[in-house]
Amino acid sequence: MKLATYKDGSRDGQLVVVSRDLSTAHYATGIAHHLQPVLDDWNFLSPQLQDLYVTLNQGKARHAFPFDPALCMAPLPRAYQWADGSAYINHVELVRLARGSEVPANYYTEPLMYQGGSDDFLGPRDDVVCVTEDHGIDFEAEVAVVTADVPMGAGPEQALDGIRLVMIANDVSLRHLIPDELAKSFGFLQSKPATAFGPVAVTLDELGDAWQGGKLHLTLQSAWNGRTVGMCEAGEEMTFHFGQLIAHLAKTRNVRAGSIIGSGTVSNRATEVNGKKEWSKGYSCIAEKRAIETIQDGQPATDYMKFGDTIRIEMKGRDGQSVFGAIEQKIVPLAR
């Protein structure tokens, strides 16, 4: 099934069930007002939502209405935690190669992960508000999952069983703030503002055989100012699958229902054409494009985002239809 959260003036919004083709929706009020209670009591409430989903897809839901992504908050507007990985080692390799540093050996055996703010997510059409362009505004197109309870010490296979929903994300980064923060050896804070999520979250059964081994084998599309810059395959080159990412988080703590885990920037390796490397699938963040330019030409040529810029992130199924709906955001200055 597919679930979304409509804006209603409250912090947690109103849960709606969305049809498979994203054309219609129905309030889930009689079952659950918000998504978090569903995650807390999944075995009891999700079958009821599934029944409504079937009725909606059959065109028999009495109070169905046209689905409007512009009215959506993030599917889970605030979460108990948001932990973002860096599951595509190619992204790490490019960024570090561009600055002349090697990738530590343990990066290939243990995921990178940071804990971000989870109290104020952005909806798929909400503006990205920034204090200044000088911070180096970047988008990051990612896949994310929402969990059930996963106990401390769970292994990757057990962790996979704890995945309830899948989403797409724009994990906004302020690149020029990152070096100083990391130099303090205490992790990201101001360089990672609010993350945005796509209009709908979907259950694994909706993904069919595109979901295999904890990876989503579909193309994540990124369009910056209307120009397609990324058509990156999310599954094949994912170094650590979502079970491994969740197990990494659960190594020393319980992971509670409603936790969101991100994949990090979806990244694909170059192919060699006539003795030259080409990144034909593009990029899912500007930092990676700048790293490629530095490797090839000695310096970056692409600047970060400016006020008025737009970013669109979407993933389509093998039938050509949008799976999660699209993230469509504009970069705007903070109103003074």
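Basis of the calculations
- Residues numbered from 1 in each chain as written.
- Predicted model: local features only at pLDDT ≥ 70, side-chain atom pairs only at ≥ 80, totals over all residues.
- Heavy atoms only, no water.
- Helix = DSSP H or I, 4+ residues; strand = E, 2+ residues; numbered from the N terminus.
- Buried < 20%, exposed > 50% of the residue type's maximum accessible area, 1.4 Å probe, protein only.
- Lys, Arg positive; Asp, Glu negative; His and termini not counted.
- Charge placed at Lys NZ, Arg CZ, Asp CG, Glu CD.
- Patch = residues over 30% accessible without salt bridge, like charges linked within 9 Å, V, L, I, M, F, W, Y side chains within 5 Å.
- Areas by Shrake-Rupley, 256 points an atom, 1.4 Å probe, with all protein chains shown as cover.
- Salt bridge = Lys/Arg side-chain N within 4 Å of Asp/Glu carboxyl O.
- 1 Å grid on protein atoms, 1.4 Å probe; cavity = no way out; pocket = protein on both sides within 12 Å on 5 of 7 lines; lining within 4 Å.
- Points joined across faces, edges and corners; volume = space filled by probe spheres on them.
- Nonpolar A, V, L, I, M, F, W, Y, C, P; charged D, E, K, R; others polar.
- Contact = heavy atoms within 4.5 Å.

K.L.:
Explain the overall build of the protein chain to me, please; I cannot follow it from the model alone.
P.N.:
Helix and strand counts for the protein chain come out as 7 helices and 22 strands. On the principal axes, the C-alpha backbone points of the protein chain span a range of 60 × 45 × 45 Å. Buried positions account for 54% of the 336 residues belonging to the protein chain. In the protein chain, which carries 31 positive and 42 negative side-chain charges, the distance between the mean positions of the two groups comes to 1 Å.

K.L.:
Would you take a moment to explain a nonpolar patch on the surface for this structure?
P.N.:
Where nonpolar side chains cluster on the molecular surface, the patch consists of V129, V131 and L334 and spans about 240 Å² of accessible area. In this fold, V131 is placed in the loop between β7 (128-130) and β8 (137-138). Take V131: its relative accessible area is 46%, and that puts it in the partly exposed class.

K.L.:
Before we go on, may I ask you to explain empty space enclosed by the protein in this structure?
P.N.:
Rolled over the atoms, a probe sized like a water molecule indicates the empty space that remains. A full pass over the atoms with the stated rule returns 1 cavity of 30 Å³ or more. Here the largest cavity is characterised by a volume of approximately 40 Å³. Looking at the largest cavity, the residues that line it are N268, R269, A270, T271, E278, W279, S280, K281 and G282. In terms of residue class, the lining of the largest cavity is made up of 2 nonpolar, 4 polar and 3 charged.

K.L.:
Would you take a moment to explain helix α3 (residues 89-98) for this structure?
P.N.:
Residues lying three or four places apart along an α-helix face the same way, a consequence of the helix completing one turn every 3.6 residues. Among the 10 residues that make up α3, 7 are buried, leaving the element largely enclosed by the rest of the structure. Regarding α3, the residues found buried are I89, N90, H91, V92, E93, L94 and R96. Taken together, the buried residues of α3 touch α7 (286-297). Backbone geometry just after α3 places G100 at a positive phi near 75°.

K.L.:
Would you mind showing me how to read the environment of V18 here?
P.N.:
The residue V18 is located in strand β2 (residues 14-18) in this model. For V18, a relative accessible area of 0% puts it in the buried group. Sequence-wise, V18 and L52 are 34 residues apart; in three dimensions their C-alpha atoms are separated by 9.5 Å. Residues contacting V18, with those up to four places away along its chain left out, are K2, A4, T24, A25, Y53, L56, F67 and V200.

K.L.:
Looking at this model, I keep getting lost on the pattern of salt bridges. Mind explaining?
P.N.:
Side chains that differ in sign of charge can pair as their charged atoms come close. Using the criterion set out here, one finds 15 salt bridges in the structure. For E293, the salt bridge is made with K289, and the minimal N-O distance between the two is 4.0 Å. Taken together, the residues E293 and K289, both in helix α7 and 4 residues apart, mark about one turn of the helix. Classification of E293 as buried rests on a relative accessible area of 7%. Assessed through its relative accessible area of 27%, K289 is described here as partly exposed. Overlapping salt bridges bring together D138, E140, D171, R175 and K192 as one network.

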